[in-house]
Structure formats: C-alpha cells, structure tokens
2 protein chains.
Amino acid sequence: MGAVRRIALDAMGGDFAPHNEVKGAVAASRLFKGSTPVEIVFIGREAEIRASLKDVDTSGMRYSIAHADDVVTMDDEPSSVIKKKRQSSLYIGVDLHKKGEVEGFVSAGNTGAVMSTATLLLGRIKGVSRPTIGAFFPTEKTGIPTLVLDVGANVDSKPRHLYEFGVMGSIYSSHIIGNENPRVGLLNVGEEEVKGTEVVQQAHELLKNSGLNFIGNVEGRDIFKGSADVVVCDGFIGNIVLKFGESMLGFLKSKIKSYSERGIAQKLSVGAIAPTLKKVLKDIDYQEYGGVPLLGVNGVVIIGHGSSSPMAIQNMLLRAVEVVEKNVNNHIEAALNSPSTP
Amino acid sequence: MGAVRRIALDAMGGDFAPHNEVKGAVAASRLFKGSTPVEIVFIGREAEIRASLKDVDTSGMRYSIAHADDVVTMDDEPSSVIKKKRQSSLYIGVDLHKKGEVEGFVSAGNTGAVMSTATLLLGRIKGVSRPTIGAFFPTEKTGIPTLVLDVGANVDSKPRHLYEFGVMGSIYSSHIIGNENPRVGLLNVGEEEVKGTEVVQQAHELLKNSGLNFIGNVEGRDIFKGSADVVVCDGFIGNIVLKFGESMLGFLKSKIKSYSERGIAQKLSVGAIAPTLKKVLKDIDYQEYGGVPLLGVNGVVIIGHGSSSPMAIQNMLLRAVEVVEKNVNNHIEAALNSPSTP
C-alpha cells in the first residue's frame, strides 16, 4: 500500500536526449499495468529535462528529477566513467540503483559505458561469471524475435561463459518473451557436434548436459529463420553479426536508391513501391524492439540504441518494470546455483 | 601455338548437375577472351553429361569428357573423399589438376570436400600455412563487392593465418577484381587497436607492419558499406556472417509474403511492387557473383554454391581462366616469401 516502483531513466543518454527520453517516458507512464504504480526518475540536467517536459502532457504521470551535471558521450572510454564522470547521468543513475533508491536503470547512452559502470557498481549475480548483453533479431516468424547473446560485452568467452549465456537467455526468453521451454541453439559453422572452435565444442558438451532445451548447433542462416529462441555465441561474433544485420536496412535503401537513379521509369517505379516497402521493412527494423537487457548484473539494466525513438524508450521502460516484476534475477541465481548445474 | 588451356569442371557437383554445369560451360565457351583457346573437361558420368549436351548448341566449343563413376554428395564427410571416393568426379577432377592435365578445377559441389581434397592432393603454395576460402559480399557501391576471408575453411586461426588471408585476399582483389592497392580491413568489434580477441589484436600488429594497404579494424556494418575491399577474419566468424547474409533475401521475401497475407489491399500492393523489387534485389543476390576462390592451394580451384545457376557456372569458369592467366599463385608465393614478410 502506498508503495511505488521507481525506475531511473538516463535522460541524457541518447542522440536525441532529453527530448526522446521525456516523450518515451510519458508514453510509458500511460501503459504501466502492474498493481504497483511506477515513478520515472529522470537523471540529467534538470533545466534541459524541465524544458522538454513543458512540451508534453504529464498529467497523471509520476516522475521526479535527479540532477546530474555531466554527460557520458559515445566517445568516452567505457571504463573511465567510474573514475572521471561520477557526476554524469549514467553514473548517478546506476549509483541510485545500487543504493536501492530505484529498482531499475534504463539508458540509450554509450553501451560499453553502461555495461562497464553497471557491472562495477552493481556487481554480478551469484553464479554469474560474466554479465552479458543480448540482442533481439527479427525472424521470419512475425512477432517472435530471436535473442542472441552475447553481442559485444565479452570476447574470448570460455565454454562455461557460453553455457551461462544460454541459461540467462533461456530464463529471459521464457519469463519476458513468453516462450515456453525456449529452444537454445549454439551458433556454429555446422550442425555436427565436432564442428567449430575448441571452445565451442566444449560449450556444446556443457549445454547438452544441462537442463536447458538445447537444440544443438545452429548456423548463421538460422537466426532469421527463428530456428532457436535463444542463440548463444561469443560476444566477438555476436557483435559483428548484430552490426552486420543492423546495416541491412541501410544497404537495402541504398540499393533501391541507386536503382531509382538509373532512369525515369526506375524512379517512378521505386516511388510507387516506397509506401508498401516501408510497411514491410518496419517489421525488420531492429529499433522497434527497444532495448536489450544487460543480464547477470545484480540489478535491472536495460540498454538502448543511441538513436532510440520515443517508442523505443517507452518499450525499454516497460521492459525494465517487467524484468523487476518477473524476478528474472532470482531465476538466474537459482538456475546457476542449483545442484544440477555443470 | 596449338596450345590449349584445359579447365576441369565437376559436372556432377551442383544441385542441378549436370544440366546447369553443361549450360554454364557452353555459355562460358562463347566468352573466353584470352589468346589461348580454352577446353572444358567435364568430369562425371559420361552418359548423363552427353544427355545434357544434346540439349545445347556446342558448335565451336572445345570440350572433352573424363568419366567418373561416383559422385560426392553434400552429406559426404569432406575428409572421406580421398579415402572412399576416388572414383568421384571431385577426386578425379582434382587429381587431373595435380597431374598437370588441367590448369584449373571448378566445382559447385560439397565445399568442404572440395577444399579438403584439393588441399590434400595439391598441397599448399610455399609460405601459405592454411588455404582459405573467400566470399564476395555485395556492397552499397554497385558492382564493387567486398572479399571476406576466411569464410569457413579455418577455425581457431592464429594471427599469422589472418595475416596470410590478408595477403592472399589483397592479391586476389587487385589482380582479379581490379582494385588498385586494395584496402584491407580486420573484422573486429570496434575501431580501436585494443579491441577484440587476443588473436585479433596480434593479427592487427602483423597487418599494420605489413606492406598491405591496411586500413585497420572494420566492423560488421562496414561489410555492406564497402569500407574495405578485403575483410579478414577467422573462418568461424566469416562462415557465420556469410550464412547469415545469404539468408537475408529469404527473410525479406518471407516478410513481404506475410505482409501480403494481412489483407486484400496488402496483397495487391505487394503484387504491384514485386517486379521492381525483384530487379532491386538482383544486385543483392550472392548467387550472381558465381563462385569463390580457394586460395593458397598449389592450383586453381573455384568453388560455387550447390544451387549455382548456369550463369554462376559460366562465371566460375571464366574466373578460373582469369586466375590462371593472371598468375595469382605466383604473386601469392612471392608476397609470402619476400624478405619484408613478418
């Protein structure tokens, strides 16, 4: 009774901060469904946040502002925040979470910096060797994205780390995405067990002998096919595949543009297909998924693209609340400390 | 005078063999431009090849047939060909090349099997630690694909191997694709030198200190952008990225299909855009590039997709002749045995 769930939002994180952050927060505030009301704590330069708030209708919205003088930019070294930018919205937001004043932290800022700062300040869930960032990839099955992890946090992962990514991804997929008994695949260059690097072959063993619904190796083509709900890989590969995939839309657009430049007929035909194509491609736009979880830290952290739209920010806030409500971290801790864990 | 350049074609390799092979060979025979005439040596089941030849106009074409009883399938273990399938078109074709009876070998068969058999029978060019398969990716720059290597031949590559891939890719890009002083990039998760795995960081050092036009690290998004002419990576990553990229067209088509199934209006609008879209996507279709080189073996081997079209087969044959004429292997040997090589 009277309890309020507070979620911190890095109001200075994205490329269009604080404007998109404020708009997204207002939209989210209309959509929170849990029995506990949610208060959004904007972290950042108060004057800028208040200016953005003037442009929106905040009636009925619970929010507060925690002022932060400084801003972490996309060029800042991830590990430097904790030493040099303690007055930044990023540091202050994560620190509020550490102190228990908020139950989650959402940022569209420098991904590496959020990860590094959150890991250092919040620590890891018991049993987790390395926190991981997952990313959702659209699939042929409309509305059912595949969670690929890790996508950039960890390179030179050990077999045990890959196994843990599988456990964390499976829990996220089942509790947040709603996949019952999620199919976990190991990203590899062939279906046979003996394929791939030594590390991957050892990870295969661990995953096979786990309680997970492990479907074996999956290949690059299986991501878009949606052959697995969770795809496990080292962050070096996941990050490259993610950035390659994200560049697909721009690539397609450039191809369409250069086709239209071949002549008047081509220009007209491209003009005619543009509206339909736009609708089709909307489903492919990674932006729509709005934020990815940093799993394994002792807290709830959702990270978004720098270019996050208000809708993406809205979805990140909804997601953060959901992760809190579904006790995702408790499930991870239980799974990684159970007697049946390899 | 009177000399003929003979190129062996695995007539049983592809999914539509020998039909597509024969059609592609006929088309290629009209296009050979060098001063030395080219004879295509079909390797495979003579009766089937002759049956296919009846459907085409072979007037003026130089060809012969070397009968092979057996066929390597896509399910055969790559390393087993040399032990168990010595009567296969694949083995016999590579063996003819080894014996000097043909100057090149072209196959749309089991990629791993071609690679394994060719490496074992032909051996490596002096100075090459590991042969590599490259693949061309379409880029935003129309007509200028990026060569990514390795894409599946080698996992757990050492820094030296990655450096060699860069040397071989650069030579291929300059002599065959025509890129002057090709830009060589190292696939990584960030631009900074300190990024990536230990192996990649060491490879960065080797590439930086080589005579190559090394532009530093490139990221997943740089492939479609065409930021580099040659992108170097371990085969584990290259293979995953290749298969992921190849699945893009199917994914797009499925998205368009599911959009059209939403209603009559959507169905009509998709019907209206289909012809234009088809033309736009043609430039994206990996198939169009027709074959990839197996670089570093002591011979000229061009490998194609199982689903190779006659046009792909034609391009593979033209490519094989070009690689012979341009002395690509001599250039590789010279580069990897020069005193300035790290």
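**Student:** Please clarify how the packing of helix 11 (residues 264-282) of chain A against helix 11 (residues 264-282) of chain B should be interpreted in this entry.
**Tutor:** One can describe the packing of helix 11 of chain A onto helix 11 of chain B by two numbers: an axis separation of 9 Å at closest approach and a directional angle of 130 degrees. Overall, the two elements helix 11 of chain A and helix 11 of chain B adopt an arrangement that is oblique. Our pair here, helix 11 of chain A against helix 11 of chain B, has a crossing hand that is left-handed. Contact with helix 11 of chain A, carried on its side by S269, V270, I273, T276 and L277 of chain A, involves S269, V270, I273, T276 and L277 of chain B of helix 11 of chain B and no other residues of that element. Class assignment of the residues belonging to the contact of helix 11 of chain A with helix 11 of chain B gives a composition of six nonpolar, four polar and no charged.

**Student:** What's the story with the interface of chain B and chain A in this structure? I'm lost.
**Tutor:** Size of an interface, as often reported, equals the accessible area lost when the parts are brought together. Counting residues at the interface gives 50 residues for chain B, matched by 50 residues for chain A. For the pairing of chain B and chain A, the buried interface totals around 4600 Å² over both sides, and the portion due to carbon and sulfur atoms is 74%. On the chain B side of the interface with chain A, the three residues burying the most area are F236, F244 and F251 of chain B, jointly 17% of the side's total. On inspection of chain B and its partner chain A, the count reaches two salt bridges. In this structure, E219 of chain A engages K243 of chain B in a salt bridge whose closest nitrogen and oxygen atoms are separated by 2.2 Å. Put simply, the parts of the chain that give the side of chain B that touches chain A at least two residues each are helix 7 (198-208), helix 8 (220-225), helix 9 (235-246), helix 10 (248-260) and helix 11 of chain B. Classifying every residue of the side of chain B that touches chain A by side-chain character gives 25 nonpolar, 15 polar and 10 charged.

**Student:** Can you help me understand the nonpolar core in this one?
**Tutor:** Grouped burial of nonpolar side chains is what soluble globular proteins tend to show. F42 and L317 of chain A together with F42 and L317 of chain B are the most contacted members of the largest nonpolar core, which has 202 residues in total. L317 of chain B has contacts with I7, L9, G24, A25, A28, F32, I40 and V106 of chain B, leaving out every residue within four places of it along the chain. L249 and Y259 of chain A together with L249 and L281 of chain B belong to the second largest nonpolar core, which has 18 residues in total.

**Student:** Honestly, the relation of the copies chain B and chain A in this entry has me stumped. Any pointers?
**Tutor:** Both copies of the chain are placed relative to one another by a rotation about an axis and a shift along it. The transform that puts chain B on chain A rotates by 180 degrees and translates by 0.0 Å along the axis, for an RMSD of 0.0 Å. Both copies of the chain, as the preceding transformation shows, are related through a two-fold rotation axis. When C-alpha distances to the rotation axis are compared across chain B, the minimum falls at I273 of chain B, with a value of 2.6 Å. Interface residue correspondence from chain B to chain A reaches 100%, placing this contact among same-surface, isologous pairings.

**Student:** Sorry if this is basic, but what is going on with the sheet that holds strand 6 (residues 146-149) of chain A here?
**Tutor:** All names here are of chain A. If you walk across this open sheet you meet the 11 strands as 3-2-1-4-11-10-5-6-9-7-8, and the pairing is mixed. The open sheet is flanked by strand 3 (63-67) and strand 8 (213-218), the only strands paired with a single partner. In this sheet, adjacent strand axes meet at a mean angle of 25 degrees when their direction is disregarded.

**Student:** Sorry if this is basic, but what is going on with helix 6 (residues 159-177) of chain A here?
**Tutor:** Along an α-helix, residues three or four positions apart point the same way, because every turn accommodates 3.6 residues. All names here are of chain A. Compared with an ideal rise of 1.5 Å per residue, which puts 19 residues at 27 Å, helix 6 spans 26 Å between its outermost C-alpha atoms and is within 8% of the ideal. Helix 6 sits mainly inside the fold: 15 of its 19 residues count as buried. Once helix 6 ends, the next one or two residues include G178, with phi positive near 90 degrees.

**Student:** Where do I start with the pattern of salt bridges in this structure?
**Tutor:** Pairing between side chains of opposite charge can happen when their charged atoms approach one another. Residues and elements named next belong to chain A. For the structure on display, the rule yields 30 salt bridges over all chains. Two residues, E261 and K257, come together in a salt bridge whose shortest N-O distance is 3.2 Å. Of the residues examined, E261 reaches a relative accessible area of 52% and is grouped as exposed. On the accessibility criterion, K257 (53% relative accessible area) is exposed.

**Student:** Which parts of the structure should I look at to understand the pairing of strand 2 (residues 38-44) of chain B?
**Tutor:** Put simply, side chains in a regular strand alternate between the two faces of the sheet. Residue and element names in this part refer to chain B. When you tally the buried positions in strand 2, you get seven out of seven residues, the bulk of the element. Burial of the side chains of strand 2 extends over both faces: V38, I40, F42 and G44 are buried on one face and E39, V41 and I43 on the other. Relative to strand 2, strand 1 (residues 5-10) runs parallel, the two sharing six bridges. The residue of strand 2 that forms the bridge with L9 is F42. Taken together, strand 1, helix 1 (residues 19-29) and strand 2 constitute a β-α-β crossover, and its handedness is right-handed. Pairing between strand 2 and strand 3 (residues 63-67): five bridges, direction parallel.

**Student:** What is the right way to look at the environment of F165 of chain B in this model?
**Tutor:** You can see F165 of chain B is positioned in helix 6 (residues 159-177). Between the C-alpha atoms of F165 of chain B and T73 of chain B, which are 92 residues apart in sequence, the distance is 28 Å.

Definitions and limits used
Residues numbered from 1 in each chain as written. Chains lettered and ligands numbered in written order. Predicted model: local features only at pLDDT ≥ 70, side-chain atom pairs only at ≥ 80, totals over all residues. Heavy atoms only, no water. Axes fitted to C-alpha atoms, helices over the stretch in contact; angles between N-to-C directions. Helix = DSSP H or I, 4+ residues; strand = E, 2+ residues; numbered from the N terminus. Parallel < 35°, antiparallel > 145°, perpendicular 65-115°, else oblique. Left-handed = near helix turned anticlockwise from the far one by under 90°. Contact = heavy atoms within 4.5 Å. Nonpolar A, V, L, I, M, F, W, Y, C, P; charged D, E, K, R; others polar. Buried area = accessible area lost by both parts, 1.4 Å probe. Salt bridge = Lys/Arg side-chain N within 4 Å of Asp/Glu carboxyl O. Core = buried A, V, L, I, M, F, W, Y, C linked by side-chain atoms within 4.5 Å. Buried < 20%, exposed > 50% of the residue type's maximum accessible area, 1.4 Å probe, protein only. Least-squares fit on C-alpha atoms with pLDDT ≥ 70 in both. Pairing = 2+ DSSP bridges. Expected span 1.5 Å × (residues − 1). Right-handed = clockwise from strand over helix to strand, strands pointing away.

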